[in-house]
Amino acid sequence: MVSQTLREARKYEETMEKGIREEERPMFHLCPRVGWMNDPNGFSFYKGEYHLFYQYYPYDSVWNQMHWGHAVSKDLLHWEYLPAALAPDVSYDKDGCFSGSAMELPDGRQLLMYTGVVKEPRIDGSFKDIQTQCIAVGDGRDYEKDSRNPVLDAEDLPEGGSRNDFRDPKVWAAEDGTYRCVVGNCTEDHDGRILLYRSEDGFRWEFVSILAENKGRFGRMWECPDFFRLDGKYVLLTSPQDMMPKGFEYHNGNGTLCLIGSYDQEKHVFLEERDQAVDYGIDFYAPQTLLAPDGRRIMIGWMQNWDTSNLRDKKHAWFGQMSLPRELSIENGRLIQKPVRELERLRSGEVRHEHVVIEGTSSLPGVSGRRIDMELTLHVDEALGGEKGLQKFALRFAQDEVCHTAISFRPHESLLKIDRKFSGSRRAFIHQRRSLVQVRDGVLKLRIILDRFSAEVFVNNGEQVLSLTFYTDQSAEGISFYADGQIVIDVVKYDLS
Ligand code: FRU
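Reading guide: rules and limits
- Residues numbered from 1 in each chain as written.
- Predicted model: local features only at pLDDT ≥ 70, side-chain atom pairs only at ≥ 80, totals over all residues.
- Heavy atoms only, no water.
- 1 Å grid on protein atoms, 1.4 Å probe; cavity = no way out; pocket = protein on both sides within 12 Å on 5 of 7 lines; lining within 4 Å.
- Points joined across faces, edges and corners; volume = space filled by probe spheres on them.
- Helix = DSSP H or I, 4+ residues; strand = E, 2+ residues; numbered from the N terminus.
- Domains from an automatic or database assignment.
- Contact = heavy atoms within 4.5 Å.
- Buried area = accessible area lost by both parts, 1.4 Å probe.
- Near = heavy atom within 4 Å.
- Polar contact = N/O pair within 3.5 Å; in protein donor to acceptor, adjacent residues only side chain to side chain.
- Areas by Shrake-Rupley, 256 points an atom, 1.4 Å probe, with all protein chains shown as cover.
- Sits in = over half its atoms within 2 Å of the grid points.
- Phe/Tyr/Trp six-rings, centres within 6.5 Å; stacked < 30°, edge-to-face > 60°.
- Buried < 20%, exposed > 50% of the residue type's maximum accessible area, 1.4 Å probe, protein only.
- Lys NZ or Arg CZ within 6 Å of the ring centre and 35° of its normal.

S.K.: Could you clarify how one ought to interpret the layout of surface pockets in this entry?
M.R.: Looking at the largest pocket, its volume works out to about 1,100 Å³. Taken together, 37 residues line the largest pocket, and the ones lying closest to its centre are Trp172, Ala173, Phe228, Leu291 and Arg297. When contributions to the lining of the largest pocket are tallied by element, the ones reaching two or more residues are strand 1 (35-46), strand 5 (97-104), strand 9 (161-173), strand 13 (222-230), strand 17 (285-291) and strand 20 (326-331). With five residues, strand 13 is the single largest residue contributor to the lining of the largest pocket. Lining the second largest pocket are 25 residues, and of these Phe98, Asp129, Arg167, Glu223 and Gln241 sit closest to its centre. Within the residue set of the lining of the second largest pocket, elements represented by two or more residues are strand 1, strand 5, strand 7 (127-138), strand 9 and strand 13.

Spelled out as C-alpha coordinates, the structure:
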(Lines give C-alpha, C1' and ligand atoms only; values in the text may rest on other atoms or scores of the structure.)
Protein backbone atom coordinates (compact mmCIF):
# COMPACT_ATOMS: atom_id res chain seq x y z
CA MET A 1 0.00 0.00 0.00
CA VAL A 2 1.41 3.35 -1.04
CA SER A 3 0.41 6.02 1.48
CA GLN A 4 -1.10 9.35 0.53
CA THR A 5 2.11 11.14 1.60
CA LEU A 6 4.28 8.94 -0.58
CA ARG A 7 1.88 9.13 -3.49
CA GLU A 8 2.00 12.93 -3.34
CA ALA A 9 5.80 12.95 -3.23
CA ARG A 10 5.97 10.61 -6.21
CA LYS A 11 3.55 12.69 -8.19
CA TYR A 12 5.38 15.89 -7.31
CA GLU A 13 8.83 14.60 -8.30
CA GLU A 14 7.54 13.15 -11.55
CA THR A 15 5.99 16.46 -12.53
CA MET A 16 8.79 18.72 -11.35
CA GLU A 17 11.71 16.83 -12.85
CA LYS A 18 10.39 17.79 -16.27
CA GLY A 19 11.39 21.37 -15.52
CA ILE A 20 15.06 20.43 -15.06
CA ARG A 21 17.10 20.14 -18.24
CA GLU A 22 19.75 17.46 -18.48
CA GLU A 23 22.55 20.06 -18.77
CA GLU A 24 21.43 21.56 -15.47
CA ARG A 25 22.43 18.40 -13.64
CA PRO A 26 25.79 16.72 -13.16
CA MET A 27 26.36 14.11 -15.87
CA PHE A 28 27.46 11.07 -13.85
CA HIS A 29 27.06 12.18 -10.23
CA LEU A 30 23.61 11.52 -8.82
CA CYS A 31 21.68 14.58 -7.68
CA PRO A 32 18.09 14.56 -6.36
CA ARG A 33 15.27 14.11 -8.79
CA VAL A 34 14.06 17.47 -7.51
CA GLY A 35 14.61 19.36 -4.25
CA TRP A 36 17.09 18.48 -1.54
CA MET A 37 19.46 15.51 -1.14
CA ASN A 38 21.79 14.51 1.66
CA ASP A 39 23.28 11.16 2.74
CA PRO A 40 23.45 8.10 0.49
CA ASN A 41 21.17 5.38 1.89
CA GLY A 42 20.64 1.72 1.04
CA PHE A 43 23.60 1.61 -1.35
CA SER A 44 23.41 -2.00 -2.55
CA PHE A 45 23.41 -4.45 -5.42
CA TYR A 46 20.02 -6.07 -5.84
CA LYS A 47 18.59 -8.12 -8.71
CA GLY A 48 21.27 -7.19 -11.20
CA GLU A 49 21.34 -3.46 -10.48
CA TYR A 50 22.99 -1.04 -8.12
CA HIS A 51 20.47 0.73 -5.92
CA LEU A 52 21.12 4.08 -4.36
CA PHE A 53 18.59 5.70 -2.07
CA TYR A 54 19.13 9.11 -0.56
CA GLN A 55 17.94 11.48 2.14
CA TYR A 56 15.42 13.51 0.24
CA TYR A 57 13.03 16.42 0.55
CA PRO A 58 11.36 16.84 -2.82
CA TYR A 59 9.40 20.02 -2.13
CA ASP A 60 12.26 22.49 -1.69
CA SER A 61 16.03 22.58 -2.10
CA VAL A 62 16.57 22.80 1.66
CA TRP A 63 16.56 20.08 4.36
CA ASN A 64 13.14 19.27 5.78
CA GLN A 65 10.96 16.21 6.45
CA MET A 66 13.12 13.35 5.25
CA HIS A 67 11.92 10.93 2.57
CA TRP A 68 14.03 8.37 0.74
CA GLY A 69 14.67 9.13 -2.93
CA HIS A 70 15.64 6.21 -5.15
CA ALA A 71 17.72 5.54 -8.25
CA VAL A 72 19.21 2.48 -9.97
CA SER A 73 22.19 1.97 -12.22
CA LYS A 74 23.99 -0.78 -14.09
CA ASP A 75 27.39 0.90 -14.00
CA LEU A 76 27.29 3.23 -10.96
CA LEU A 77 27.50 6.25 -13.29
CA HIS A 78 24.32 6.36 -15.35
CA TRP A 79 21.47 6.60 -12.85
CA GLU A 80 17.80 6.16 -13.53
CA TYR A 81 15.34 7.66 -11.07
CA LEU A 82 12.72 5.44 -9.51
CA PRO A 83 9.76 6.69 -7.50
CA ALA A 84 10.60 7.85 -3.96
CA ALA A 85 10.82 4.78 -1.73
CA LEU A 86 9.87 6.02 1.75
CA ALA A 87 7.91 8.95 3.13
CA PRO A 88 7.40 10.01 6.75
CA ASP A 89 3.86 8.68 6.94
CA VAL A 90 3.41 6.57 10.08
CA SER A 91 3.40 7.34 13.81
CA TYR A 92 6.98 6.17 14.47
CA ASP A 93 8.59 8.10 11.58
CA LYS A 94 6.23 11.02 11.17
CA ASP A 95 9.05 13.55 11.51
CA GLY A 96 11.45 11.86 9.13
CA CYS A 97 12.79 8.68 7.59
CA PHE A 98 16.46 9.23 8.38
CA SER A 99 19.48 7.42 6.98
CA GLY A 100 19.83 3.67 6.72
CA SER A 101 20.85 0.79 4.52
CA ALA A 102 19.64 -2.17 2.46
CA MET A 103 20.18 -5.89 2.04
CA GLU A 104 18.59 -8.83 0.29
CA LEU A 105 16.57 -11.40 2.25
CA PRO A 106 16.80 -15.13 1.46
CA ASP A 107 13.31 -14.98 -0.10
CA GLY A 108 14.55 -12.43 -2.63
CA ARG A 109 12.93 -9.35 -1.12
CA GLN A 110 14.93 -6.23 -0.34
CA LEU A 111 15.03 -5.06 3.25
CA LEU A 112 15.54 -1.40 4.09
CA MET A 113 16.57 -0.49 7.63
CA TYR A 114 16.25 3.18 8.51
CA THR A 115 15.84 5.56 11.42
CA GLY A 116 12.34 6.71 12.28
CA VAL A 117 12.18 10.14 13.87
CA VAL A 118 9.48 11.54 16.12
CA LYS A 119 9.75 14.98 17.66
CA GLU A 120 8.87 14.86 21.33
CA PRO A 121 7.76 18.08 23.03
CA ARG A 122 9.66 19.16 26.13
CA ILE A 123 8.49 21.23 29.08
CA ASP A 124 10.28 24.35 27.86
CA GLY A 125 8.27 24.23 24.62
CA SER A 126 11.12 22.96 22.47
CA PHE A 127 11.24 19.58 20.74
CA LYS A 128 13.71 16.77 20.84
CA ASP A 129 14.06 13.86 18.40
CA ILE A 130 13.30 10.35 19.51
CA GLN A 131 15.11 8.06 17.11
CA THR A 132 14.37 4.37 16.55
CA GLN A 133 15.33 1.82 13.92
CA CYS A 134 12.66 0.61 11.52
CA ILE A 135 12.28 -1.78 8.62
CA ALA A 136 10.55 -1.69 5.25
CA VAL A 137 10.57 -4.61 2.82
CA GLY A 138 9.98 -4.52 -0.90
CA ASP A 139 10.68 -5.59 -4.43
CA GLY A 140 13.18 -2.91 -5.46
CA ARG A 141 10.46 -0.37 -6.20
CA ASP A 142 7.70 -0.39 -3.57
CA TYR A 143 8.32 -0.98 0.12
CA GLU A 144 6.03 -1.92 2.97
CA LYS A 145 6.87 -0.78 6.48
CA ASP A 146 6.96 -3.73 8.86
CA SER A 147 4.18 -4.15 11.44
CA ARG A 148 6.79 -4.85 14.14
CA ASN A 149 8.36 -1.38 13.81
CA PRO A 150 10.28 0.08 15.48
CA VAL A 151 12.59 -2.92 15.67
CA LEU A 152 15.15 -1.14 17.87
CA ASP A 153 14.28 1.55 20.37
CA ALA A 154 15.45 3.04 23.69
CA GLU A 155 15.06 -0.37 25.34
CA ASP A 156 17.81 -1.75 23.15
CA LEU A 157 20.38 0.85 24.13
CA PRO A 158 23.27 0.01 26.43
CA GLU A 159 23.53 1.98 29.66
CA GLY A 160 23.87 5.71 29.24
CA GLY A 161 22.97 5.67 25.55
CA SER A 162 21.07 8.67 24.21
CA ARG A 163 17.68 7.92 22.65
CA ASN A 164 17.82 11.30 20.92
CA ASP A 165 20.91 10.38 18.92
CA PHE A 166 20.44 6.79 17.85
CA ARG A 167 20.51 6.53 14.09
CA ASP A 168 21.77 5.42 10.69
CA PRO A 169 21.72 1.59 10.84
CA LYS A 170 24.08 -0.14 8.41
CA VAL A 171 23.05 -3.74 7.94
CA TRP A 172 24.82 -6.78 6.43
CA ALA A 173 24.57 -10.55 6.22
CA ALA A 174 27.16 -12.35 8.34
CA GLU A 175 28.94 -15.43 7.04
CA ASP A 176 26.86 -17.78 9.24
CA GLY A 177 23.60 -16.66 7.61
CA THR A 178 22.56 -14.36 10.46
CA TYR A 179 22.61 -10.56 10.25
CA ARG A 180 24.44 -7.69 11.89
CA CYS A 181 24.00 -3.97 11.96
CA VAL A 182 25.92 -1.02 13.36
CA VAL A 183 24.10 2.08 14.58
CA GLY A 184 25.44 5.51 15.51
CA ASN A 185 24.82 6.63 19.08
CA CYS A 186 26.30 8.82 21.79
CA THR A 187 26.34 9.02 25.55
CA GLU A 188 24.16 11.51 27.44
CA ASP A 189 27.04 13.99 27.20
CA HIS A 190 27.29 13.56 23.42
CA ASP A 191 30.35 11.35 23.12
CA GLY A 192 30.05 9.24 19.97
CA ARG A 193 29.98 5.45 19.91
CA ILE A 194 28.97 2.70 17.55
CA LEU A 195 26.60 -0.04 18.65
CA LEU A 196 26.52 -3.57 17.21
CA TYR A 197 23.28 -5.58 16.91
CA ARG A 198 22.51 -9.10 15.73
CA SER A 199 19.49 -10.76 14.15
CA GLU A 200 18.50 -14.26 13.05
CA ASP A 201 15.94 -13.13 10.49
CA GLY A 202 16.61 -9.44 9.80
CA PHE A 203 13.50 -8.36 11.72
CA ARG A 204 14.13 -9.18 15.39
CA TRP A 205 17.30 -7.58 16.66
CA GLU A 206 19.32 -7.82 19.85
CA PHE A 207 22.11 -5.73 21.27
CA VAL A 208 25.57 -7.33 21.09
CA SER A 209 28.18 -4.78 22.13
CA ILE A 210 29.54 -1.28 21.98
CA LEU A 211 31.74 -1.84 18.96
CA ALA A 212 33.76 1.37 19.28
CA GLU A 213 33.88 4.47 21.45
CA ASN A 214 35.10 7.96 20.76
CA LYS A 215 36.26 8.84 24.26
CA GLY A 216 36.32 12.51 23.39
CA ARG A 217 38.78 12.31 20.52
CA PHE A 218 37.00 12.85 17.20
CA GLY A 219 34.13 15.30 17.49
CA ARG A 220 30.96 14.42 19.37
CA MET A 221 28.03 12.37 17.99
CA TRP A 222 29.16 9.76 15.42
CA GLU A 223 26.80 9.57 12.46
CA CYS A 224 26.43 7.10 9.59
CA PRO A 225 28.70 4.20 10.61
CA ASP A 226 29.85 1.46 8.27
CA PHE A 227 31.90 -1.57 9.27
CA PHE A 228 33.54 -4.10 6.97
CA ARG A 229 36.57 -6.25 6.25
CA LEU A 230 39.04 -5.02 3.70
CA ASP A 231 42.37 -6.50 2.67
CA GLY A 232 42.77 -8.45 5.89
CA LYS A 233 41.86 -5.52 8.14
CA TYR A 234 38.61 -4.20 9.61
CA VAL A 235 37.48 -0.73 8.70
CA LEU A 236 35.08 1.45 10.64
CA LEU A 237 33.82 4.55 8.83
CA THR A 238 31.86 7.21 10.62
CA SER A 239 31.06 10.90 10.26
CA PRO A 240 31.62 12.79 13.52
CA GLN A 241 29.77 16.02 14.24
CA ASP A 242 31.42 19.03 15.89
CA MET A 243 35.04 18.16 15.18
CA MET A 244 37.98 20.20 16.37
CA PRO A 245 40.76 20.59 13.86
CA LYS A 246 43.90 18.47 14.13
CA GLY A 247 46.84 19.56 11.98
CA PHE A 248 45.87 19.18 8.35
CA GLU A 249 44.17 15.84 9.00
CA TYR A 250 40.84 16.92 10.47
CA HIS A 251 39.01 20.20 10.09
CA ASN A 252 36.41 21.97 12.19
CA GLY A 253 32.79 20.95 11.94
CA ASN A 254 31.35 17.82 10.40
CA GLY A 255 34.16 15.47 9.41
CA THR A 256 34.72 12.01 8.04
CA LEU A 257 36.71 9.42 9.93
CA CYS A 258 38.23 6.12 8.84
CA LEU A 259 39.48 3.82 11.59
CA ILE A 260 41.54 0.80 10.56
CA GLY A 261 42.19 -2.09 12.91
CA SER A 262 41.10 -5.58 13.87
CA TYR A 263 38.02 -7.15 15.40
CA ASP A 264 37.87 -9.17 18.60
CA GLN A 265 35.45 -11.98 17.66
CA GLU A 266 34.86 -12.92 21.28
CA LYS A 267 34.25 -9.54 22.86
CA HIS A 268 32.78 -8.09 19.66
CA VAL A 269 34.85 -4.96 19.85
CA PHE A 270 36.82 -3.15 17.23
CA LEU A 271 40.51 -2.74 18.04
CA GLU A 272 41.64 0.48 16.50
CA GLU A 273 45.14 0.80 15.06
CA ARG A 274 45.09 3.87 12.82
CA ASP A 275 42.87 6.82 12.01
CA GLN A 276 42.66 9.12 9.02
CA ALA A 277 40.24 11.45 7.29
CA VAL A 278 38.25 9.93 4.42
CA ASP A 279 38.18 13.06 2.25
CA TYR A 280 40.40 16.13 2.63
CA GLY A 281 38.32 18.50 0.51
CA ILE A 282 35.40 20.76 1.38
CA ASP A 283 32.34 18.77 0.37
CA PHE A 284 32.12 15.22 1.58
CA TYR A 285 30.14 13.52 4.34
CA ALA A 286 28.29 10.40 5.45
CA PRO A 287 29.85 7.84 3.08
CA GLN A 288 28.40 4.35 2.76
CA THR A 289 29.82 1.24 1.08
CA LEU A 290 28.58 -1.85 -0.70
CA LEU A 291 30.21 -5.11 -1.64
CA ALA A 292 29.90 -5.50 -5.42
CA PRO A 293 29.29 -8.96 -6.94
CA ASP A 294 32.91 -8.97 -8.17
CA GLY A 295 34.22 -8.45 -4.64
CA ARG A 296 35.01 -4.75 -4.83
CA ARG A 297 34.22 -2.63 -1.77
CA ILE A 298 32.74 0.54 -3.24
CA MET A 299 32.08 3.71 -1.29
CA ILE A 300 29.90 6.70 -2.14
CA GLY A 301 29.46 9.84 -0.06
CA TRP A 302 27.31 12.93 0.03
CA MET A 303 29.40 15.47 -1.91
CA GLN A 304 28.37 18.27 0.44
CA ASN A 305 28.87 18.92 4.09
CA TRP A 306 26.53 20.49 6.64
CA ASP A 307 29.01 23.25 7.36
CA THR A 308 29.33 24.21 3.71
CA SER A 309 25.95 23.31 2.30
CA ASN A 310 24.93 26.90 1.91
CA LEU A 311 26.86 27.32 -1.31
CA ARG A 312 24.07 26.88 -3.78
CA ASP A 313 22.83 28.22 -7.03
CA LYS A 314 19.27 29.38 -6.57
CA LYS A 315 18.67 28.79 -10.29
CA HIS A 316 18.65 25.06 -9.70
CA ALA A 317 15.59 23.18 -8.53
CA TRP A 318 17.89 20.63 -6.92
CA PHE A 319 20.57 20.75 -4.27
CA GLY A 320 23.08 18.12 -3.17
CA GLN A 321 24.92 15.46 -5.12
CA MET A 322 26.72 12.22 -4.49
CA SER A 323 30.47 11.74 -4.89
CA LEU A 324 31.89 9.43 -7.48
CA PRO A 325 31.65 5.83 -6.34
CA ARG A 326 35.16 4.89 -5.21
CA GLU A 327 36.87 1.50 -5.03
CA LEU A 328 38.49 0.97 -1.66
CA SER A 329 41.62 -0.88 -0.65
CA ILE A 330 44.22 -0.72 2.08
CA GLU A 331 47.85 -0.14 1.27
CA ASN A 332 50.55 0.44 3.87
CA GLY A 333 47.93 0.85 6.56
CA ARG A 334 46.02 3.58 4.69
CA LEU A 335 42.65 3.67 3.03
CA ILE A 336 43.09 4.03 -0.74
CA GLN A 337 40.25 5.32 -2.92
CA LYS A 338 40.06 5.10 -6.70
CA PRO A 339 37.24 6.20 -8.98
CA VAL A 340 35.27 3.10 -10.01
CA ARG A 341 36.91 1.59 -13.07
CA GLU A 342 33.60 1.94 -14.97
CA LEU A 343 34.50 5.62 -15.35
CA GLU A 344 37.21 4.74 -17.85
CA ARG A 345 34.49 3.61 -20.27
CA LEU A 346 33.22 7.18 -20.47
CA ARG A 347 36.59 8.47 -21.64
CA SER A 348 37.08 9.77 -25.15
CA GLY A 349 39.34 12.19 -27.05
CA GLU A 350 42.65 11.56 -25.34
CA VAL A 351 44.98 14.58 -25.25
CA ARG A 352 48.55 13.95 -24.11
CA HIS A 353 51.30 16.45 -23.35
CA GLU A 354 54.56 15.07 -22.05
CA HIS A 355 57.41 16.95 -20.45
CA VAL A 356 55.85 20.39 -20.65
CA VAL A 357 57.79 23.18 -18.95
CA ILE A 358 55.50 25.49 -17.01
CA GLU A 359 56.78 28.91 -16.04
CA GLY A 360 54.29 31.69 -15.38
CA THR A 361 50.81 31.07 -16.81
CA SER A 362 50.08 28.89 -19.81
CA SER A 363 47.36 26.83 -21.37
CA LEU A 364 47.77 23.65 -23.39
CA PRO A 365 46.13 22.77 -26.72
CA GLY A 366 43.08 20.56 -26.27
CA VAL A 367 43.02 20.93 -22.49
CA SER A 368 39.71 22.46 -21.37
CA GLY A 369 36.24 21.34 -20.36
CA ARG A 370 33.89 20.78 -17.46
CA ARG A 371 33.39 17.02 -17.81
CA ILE A 372 36.86 15.64 -17.90
CA ASP A 373 39.22 13.09 -16.41
CA MET A 374 42.75 14.47 -16.25
CA GLU A 375 45.98 12.95 -14.95
CA LEU A 376 48.75 15.32 -13.98
CA THR A 377 52.26 14.29 -13.04
CA LEU A 378 54.29 17.03 -11.39
CA HIS A 379 58.03 16.43 -11.47
CA VAL A 380 58.55 18.09 -8.13
CA ASP A 381 62.04 16.99 -7.11
CA GLU A 382 63.58 18.16 -10.38
CA ALA A 383 61.84 21.52 -9.96
CA LEU A 384 63.39 22.35 -6.63
CA GLY A 385 66.70 24.18 -6.33
CA GLY A 386 68.30 26.22 -9.10
CA GLU A 387 67.51 29.80 -10.02
CA LYS A 388 63.95 29.05 -11.08
CA GLY A 389 63.25 26.80 -8.13
CA LEU A 390 59.55 26.02 -7.80
CA GLN A 391 57.68 27.98 -5.15
CA LYS A 392 54.17 27.18 -6.23
CA PHE A 393 52.30 25.28 -8.93
CA ALA A 394 48.62 25.87 -9.71
CA LEU A 395 46.00 24.37 -11.94
CA ARG A 396 43.00 26.55 -12.68
CA PHE A 397 39.79 25.18 -14.13
CA ALA A 398 36.17 26.19 -14.71
CA GLN A 399 37.80 29.39 -15.82
CA ASP A 400 36.63 32.45 -17.74
CA GLU A 401 37.64 36.12 -17.46
CA VAL A 402 36.12 36.43 -14.00
CA CYS A 403 35.95 32.99 -12.44
CA HIS A 404 38.11 30.00 -11.77
CA THR A 405 38.59 27.25 -9.22
CA ALA A 406 42.12 26.16 -8.40
CA ILE A 407 44.33 23.43 -7.02
CA SER A 408 47.72 24.64 -5.96
CA PHE A 409 50.79 22.96 -4.55
CA ARG A 410 53.57 24.52 -2.47
CA PRO A 411 56.49 22.10 -2.49
CA HIS A 412 58.36 23.62 0.42
CA GLU A 413 55.40 23.08 2.71
CA SER A 414 54.14 19.99 0.89
CA LEU A 415 50.65 21.50 0.96
CA LEU A 416 47.98 21.01 -1.64
CA LYS A 417 45.20 23.57 -1.59
CA ILE A 418 41.82 23.60 -3.26
CA ASP A 419 40.27 27.00 -3.67
CA ARG A 420 36.86 28.04 -4.99
CA LYS A 421 37.02 31.59 -3.75
CA PHE A 422 36.80 32.87 -7.34
CA SER A 423 34.22 30.37 -8.52
CA GLY A 424 31.47 32.98 -8.58
CA SER A 425 30.29 32.69 -4.98
CA ARG A 426 29.06 35.88 -3.35
CA ARG A 427 29.11 34.36 0.12
CA ALA A 428 31.81 34.07 2.75
CA PHE A 429 31.61 30.34 3.41
CA ILE A 430 34.62 28.07 3.54
CA HIS A 431 36.13 28.26 0.06
CA GLN A 432 39.60 26.87 0.64
CA ARG A 433 41.12 23.87 2.27
CA ARG A 434 44.69 22.69 2.54
CA SER A 435 46.02 19.20 2.90
CA LEU A 436 49.48 17.74 3.54
CA VAL A 437 50.50 15.50 0.64
CA GLN A 438 53.55 13.37 -0.10
CA VAL A 439 55.89 13.65 -3.04
CA ARG A 440 56.65 10.04 -3.97
CA ASP A 441 59.67 9.05 -6.09
CA GLY A 442 60.12 12.70 -6.90
CA VAL A 443 56.64 13.24 -8.31
CA LEU A 444 53.19 14.28 -7.20
CA LYS A 445 50.35 12.64 -9.10
CA LEU A 446 46.94 14.22 -9.34
CA ARG A 447 43.89 12.81 -11.07
CA ILE A 448 41.19 15.43 -11.42
CA ILE A 449 37.63 14.57 -12.32
CA LEU A 450 35.25 17.35 -13.24
CA ASP A 451 31.52 16.91 -13.72
CA ARG A 452 29.94 20.33 -14.34
CA PHE A 453 29.48 21.33 -10.68
CA SER A 454 32.25 19.47 -8.90
CA ALA A 455 35.88 18.45 -8.81
CA GLU A 456 37.37 15.39 -7.14
CA VAL A 457 41.13 15.32 -6.86
CA PHE A 458 42.74 11.91 -6.31
CA VAL A 459 46.28 12.31 -5.01
CA ASN A 460 49.01 9.69 -5.66
CA ASN A 461 46.71 6.99 -7.04
CA GLY A 462 44.09 7.40 -4.36
CA GLU A 463 46.19 7.96 -1.25
CA GLN A 464 44.07 11.04 -0.55
CA VAL A 465 41.01 12.61 -2.13
CA LEU A 466 39.80 16.21 -2.04
CA SER A 467 36.25 16.90 -3.21
CA LEU A 468 34.48 20.16 -3.75
CA THR A 469 31.44 21.58 -5.47
CA PHE A 470 31.03 24.91 -7.27
CA TYR A 471 28.38 26.51 -9.40
CA THR A 472 30.35 28.52 -11.92
CA ASP A 473 28.54 29.12 -15.21
CA GLN A 474 29.01 26.13 -17.52
CA SER A 475 30.48 28.33 -20.23
CA ALA A 476 33.57 28.77 -18.01
CA GLU A 477 35.51 25.78 -19.22
CA GLY A 478 39.05 27.10 -19.47
CA ILE A 479 41.99 25.32 -17.88
CA SER A 480 45.37 26.91 -17.26
CA PHE A 481 48.63 26.06 -15.55
CA TYR A 482 50.77 28.33 -13.46
CA ALA A 483 54.20 28.07 -11.88
CA ASP A 484 56.03 30.48 -9.65
CA GLY A 485 59.46 29.23 -10.68
CA GLN A 486 59.56 26.37 -13.12
CA ILE A 487 58.25 22.84 -13.26
CA VAL A 488 57.99 20.03 -15.78
CA ILE A 489 54.61 18.30 -15.94
CA ASP A 490 52.89 15.52 -17.89
CA VAL A 491 49.22 15.82 -18.73
CA VAL A 492 46.77 13.21 -20.01
CA LYS A 493 43.25 14.44 -20.46
CA TYR A 494 40.02 12.75 -21.55
CA ASP A 495 36.54 14.08 -22.11
CA LEU A 496 33.83 12.21 -20.27
CA SER A 497 30.65 11.60 -22.18
C1 FRU B 1 23.96 12.82 8.43
C2 FRU B 1 22.58 12.87 9.04
C3 FRU B 1 22.23 11.52 9.61
C4 FRU B 1 20.73 11.53 9.60
C5 FRU B 1 20.45 12.32 8.33
C6 FRU B 1 19.21 13.17 8.40
O7 FRU B 1 24.17 13.74 7.42
O8 FRU B 1 22.54 13.87 10.04
O9 FRU B 1 22.78 11.23 10.87
O10 FRU B 1 20.19 10.26 9.56
O11 FRU B 1 21.57 13.13 8.09
O12 FRU B 1 18.89 13.69 7.16
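S.K.: What is the right way to read the domain arrangement of the protein from this model?
M.R.: Interface extent is often summarised as the accessible area lost during association of the parts. We note that the domain assignment places domain 1 (4-343) and domain 2 (345-496) within the protein. Between domain 1 and domain 2, the C-alpha centre-to-centre distance is 31 Å. At the junction of the two partners, domain 1 supplies 43 residues and domain 2 supplies 39 residues. A per-residue breakdown of the area domain 1 buries against domain 2 is headed by Phe248, Ile282 and Leu311, which together make up 22% of the total.

S.K.: How do you make sense of the site of the ligand when you look at a structure like this?
M.R.: Looking at the ligand, there are 13 residues lining it, with Asp39, Gln55, Arg167, Asp168 and Glu223 nearest. A distance of 3.1 Å separates an oxygen atom of the ligand from a polar backbone atom of Ser99. Take Arg167: an N or O atom from its side chain is 2.8 Å from an oxygen atom of the ligand. When the free accessible area of the ligand is taken as 320 Å², the share hidden by the protein chains comes to 95%. When each cavity is represented as a set of grid points, the ligand is found to reside in the second largest pocket.

S.K.: So what exactly am I meant to see when it comes to the side chain of His353 here?
M.R.: For His353, the location among the structural elements is in strand 22 (residues 347-362). Setting aside chain neighbours within four positions, we find His353 in contact with Leu364, Pro365, Val367, Ile489, Asp490 and Val491.

S.K.: Whenever I open this one, the packing of aromatic side chains confuses me. Can you help?
M.R.: Both the distance between ring centres and the angle between the ring planes are used here to describe each pair of aromatic rings. Under the definition given, this model contains 23 aromatic pairs. Plain terms: the ring middles of Phe45 and Tyr50 are 4.9 Å apart, the flat faces sit at 70° to each other, and that makes the pair edge-to-face. Using a relative accessible area of 31% as the deciding quantity, one classes Phe45 as partly exposed. Relative accessible area serves as the criterion here: at 5%, Tyr50 is assigned to the buried category. Taken together, a centroid distance of 5.5 Å and an interplanar angle of 70° make the contact between Trp318 and Phe453 edge-to-face. Of this pair, Trp318 sits in strand 19 (residues 318-319) while Phe453 sits in the loop between strand 28 (443-451) and strand 29 (454-459), placing them 135 residues apart in sequence. Pair check on accessibility: Trp318 and Phe453 agree, each one buried. Taken together through their ring pairs, the aromatic side chains of Trp172, Phe227, Tyr234, Tyr263 and Phe270 make up a single cluster. Here Arg396 stacks its cationic end above the ring of Tyr482, 5.6 Å away from the centre of that ring.

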